[in-house]
Amino acid sequence: MCSVPPVEPLSLLAEDSAQAREEAHLQRVSRYADPYLARRSAGQKHPVEDFLFTYYTQKPGQLKRWHPGAGTVLTGGQAAARQGWKHYRTLDDGELASLGLAAGSTAVTFDRAAFLADRKDAMAFAEVILRGTAARPAQFGCFGLHEWAMVYRQDKFDLRHEYLKLRLGSAGTDKVVEDNKIRCTHFDAFRFYTPDAVPLNEFSPSRETQRHLEQPGCLHANMDLYKWAYKLLPALSSELVMDCFELSWRIRAMDMQASPYDLAEWGYPAIPIETPQGKASYVEHQRNFAAEATTLRERLALDLGALAEGAQK
């Protein structure tokens, strides 16, 4: 028998507070999105700062939309604007009265029942990934070699970033791959390896094994916190989504600094992972990012757990 999702407590957010949060969010997103949109209009590319808008499915316009999260009630202009947005609902007179609002007032909140009906499978998969990743020990021995494996023996294949130069040249890049063990656990990095690099990886990640291999030291697993967060909008607050976005942004920058590409002219000095000093620097950054990601992963898991309570049938 299907159970009805329990009624969640509602909290009224004052209109001026909602407006301030919405404006702050727009400014926060615009810092990253507006330069990307300007480059796109001009037909220009950036190897680091375009990534979150081109690799992930959340578009700048979607990211700019501010959501207060589950259980928050909006009134006034914020409510009117969201009456047609997916997974929002209008409060009934009983709910209005419980919040001290006059009957017929315009007030909206997150539509929990509709969201659960639409996103149950996505929520379940996100929870498996988040909780499984958190439960495993972090690994810090990959040194970012996934990016090197993507251009291994690139003379035989198409170079992924055709407008970038290899810092050590083709032969030097291939030697780094051959002189090091490659231990990538993340399928969405592994799937871009050149064919000759695939058998050199210690693991054979796949979409089917993703839930068993994700681990909290992986840069890409920690970048993907942004993906899991935006897929749960508007149940989560946009502030949490942007916390994940900004961590992902900084991880991407470091990941590309440790890559085989020469990005000095773009303002990103190399982390030379082919040297002991470069490896040590990489691991230091990796550990710091893992610590930040642990906190965000816990916040996401808590919000997801609270949301999923009503999804049990």
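Now for a quick tour of the structure. (Residues numbered from 1 in each chain as written. Predicted model: local features only at pLDDT ≥ 70, side-chain atom pairs only at ≥ 80, totals over all residues. Heavy atoms only, no water.)

What follows is about helix 8 (residues 169-179). Residues of helix 8 that are buried include every one of S170, T173, D174, V176 and V177, and no others. Projected down its long axis, helix 8 shows its buried positions confined to an angular sector of 155 degrees, all on one face. Residues of helix 8 that are exposed and angled more than 90 degrees away from the buried face: A171 and D179. Those residues of helix 8 hidden inside the fold are in contact with helix 7 (145-149). (Buried < 20%, exposed > 50% of the residue type's maximum accessible area, 1.4 Å probe, protein only. Helix = DSSP H or I, 4+ residues; strand = E, 2+ residues; numbered from the N terminus. Arc of directions from axis to C-beta. Contact = heavy atoms within 4.5 Å.)

Turning next to the pairing of strand 2 (residues 72-75). Working note: regular strand, side chains alternate between the two faces of the sheet. Of the two faces of strand 2, the one lined by T72 and L74 and the one lined by V73 and T75 are each fully buried. Bridge count for strand 1 (residues 11-12) against strand 2 is two bridges, and the pairing is parallel. Within strand 2, the position partnered with L12 by the bridge is V73. Of the strand pairs in this sheet, strand 2 and strand 4 (residues 107-110) are connected by three bridges, and their pairing is antiparallel. From the neighbouring strand, T75 faces strand 4, where its bridge partner is A107. (Pairing = 2+ DSSP bridges.)

This brings us to unusual backbone geometry. Cis geometry marks the peptide bond from L233 to P234; its omega dihedral reads 0 degrees. Among the structural elements, P234 can be located in the loop between helix 12 (225-231) and helix 13 (238-257). The backbone phi angle of H87 is positive, close to 65 degrees, even though this residue is not glycine. Relative to the elements of secondary structure, H87 occurs in the loop between helix 4 (76-82) and strand 3 (88-90). H87 gets classed as buried once you look at its relative accessible area, which sits at 6%.

So, about the layout of surface pockets. If you add up the space inside the second largest pocket, you get close to 310 Å³. Looking at the second largest pocket, it is lined by 14 residues, and the ones nearest its centre are Q58, Q62, H67, R119 and L233. Taken together, the residues of the lining of the second largest pocket sort by class into five nonpolar, five polar and four charged. (1 Å grid on protein atoms, 1.4 Å probe; cavity = no way out; pocket = protein on both sides within 12 Å on 5 of 7 lines; lining within 4 Å. Points joined across faces, edges and corners; volume = space filled by probe spheres on them. Nonpolar A, V, L, I, M, F, W, Y, C, P; charged D, E, K, R; others polar.)

So, about empty space enclosed by the protein. This structure, assessed with the given rule, holds one cavity of 30 Å³ or more. Approximately 30 Å³ is the volume attributed to the largest cavity. As for the largest cavity, its lining consists of I129, L130, T133, E214, A221, L225, W228 and R297. Breaking the lining of the largest cavity down by element, the ones donating at least two residues are helix 6 (112-135) and helix 12. Residue composition of the lining of the largest cavity, grouped by class: five nonpolar, one polar and two charged.

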